[in-house]
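Summary of the model geometry
Below, each chain spelled out in residue letters.
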Amino acid sequence: MKTVRNVVRKIIALSAKLQSYRTDLLTLGLVFALLVAACGNGSTPTLAVSQGDAAGQPGKPGTEEFGMTKEELVRNIEATEALVAKCMSDAGFEYIAVDYDTVRKGMTADKALPGVTDEQFVAQYGYGISTLYTGKSPQLADIPTAAQIGLGEQNAQIFKSLSPADQVAYNITLFGQNSDATFAVSLEAEDFSRAGGCTRAAVEQVFTSEQLSTTYLNPKDALIAQDPRMIAAVREFSDCVREAGFSYNHPNEIEADIKNRLAGITKNLPLEALSPDALTALTELQGEERAVATVATECEANIIEPVAVQIERELYGGPQP
């Protein structure tokens, strides 16, 4: 079920992009554009269609991130990790290139914790944004987050063995300014815009310029998001959330709003450095995050997930991993 929910959240996010594009440049029809893999740049969505998915369905987009096939995803992960390790070594730091399985575990750990069901996670942590915030480096997180898992245990231990000053230099070299934008987290989000340091340098050598663009649309998710049934379902989902008392005009606004408010409260500082007023504001935000996540997750399950499953079944013969 979590896999379906991850797909649904990507479709919801994509729906917001498509609505934006639809209002200005793309009123001529994105469905046709998807099928012909229109090229684009600047503010125009960019599309790429693989030769077929892992299940062998020629002519249809791959079902993995960025519309890749499973083989393409494995190849890109391994190539990126090797380049990250070389870049770190060149800078004088040790980094062990992790394998596909480790990165994949990090990707699937988004909004999940070991031994915690989806329902328990939502009730305790909401989306896991403000509720799991510590301001610490991902390698030092007390709870195994998606970022920490995707880095692998060996790399976490390497980081922990460094002095505080070297830890700062290590993460700036590895991530740039955003230590939460790890490779696994960015790949799962299909958004490398916040990736920096050796991570950014590596993905720029492996992924296409279209995939690196913030306007890139995963062709498979776009096909589903453009289906009239999904458009209607997203509209109904938004009404469902608003009826529960949350003033969001589109479901895609929820997590973005929480992230923006969190950044405004914490300034990316560790918890122990926050003022009493900031801690009070953070507690209030955490309560709101749990409440809205509970409502939105229920609306997703009742309204959007059945539609997404049905459309995927028609496109691919069943829900895809």
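Residues numbered from 1 in each chain as written. Predicted model: local features only at pLDDT ≥ 70, side-chain atom pairs only at ≥ 80, totals over all residues. Heavy atoms only, no water.

Turning next to the state of the cysteines. Applying the stated rule across the entire model yields 2 disulfides. Bridging Cys 87 to Cys 198, the disulfide has an S-S length of 2.0 Å. For the disulfide bridge between Cys 87 and Cys 198, the dihedral angle about the S-S bond is near -70°, and by the sign convention the bridge is left-handed. Remark: Cys 198 occurs in helix α10 (residues 197–206) and Cys 87 occurs in helix α3 (residues 70–90); sequence separation between them is 111 residues. Residue class for Cys 198 comes out buried when judged on its relative accessible area of 2%. Cys 240 shares a disulfide with Cys 299; S-S distance 2.0 Å. Between Cys 240 and Cys 299, the S-S torsion sits near -70°, and that sign places the bridge as left-handed. (Disulfide = S-S within 2.5 Å. Helix = DSSP H or I, 4+ residues; strand = E, 2+ residues; numbered from the N terminus. Buried < 20%, exposed > 50% of the residue type's maximum accessible area, 1.4 Å probe, protein only.)

A separate point is the nonpolar core. Note that soluble globular proteins tend to have their nonpolar side chains buried in a common cluster. Judged by nonpolar contacts, the single largest core of 30 residues is most densely connected at Tyr 95, Leu 187 and Phe 207. Of all the secondary structure elements, the ones that give two or more residues to this core are α3, α4 (100–108), α7 (153–160), α8 (164–175), α9 (183–189) and α10. Met 230, Val 234, Tyr 248 and Ala 308 belong to the second-largest nonpolar core, a separate cluster that totals 28 residues. (Core = buried A, V, L, I, M, F, W, Y, C linked by side-chain atoms within 4.5 Å.)

Relative to the 30 Å expected for 21 residues at 1.5 Å per residue, α3 spans 30 Å between its end C-alpha atoms, a close match to the ideal helical length. If you check which residues of α3 are buried, you get Leu 73, Asn 76, Ile 77, Thr 80, Glu 81, Val 84, Ala 85 and Met 88. Each buried residue of α3 sits inside an arc of 165° when the element is viewed along its axis, so together they form one side. What points out from α3, more than 90 degrees from its buried face, is the exposed set Arg 75, Lys 86 and Asp 90. In the segment just after α3, Gly 92 is the residue with positive phi, at about 95°. (Expected span 1.5 Å × (residues − 1). Arc of directions from axis to C-beta.)

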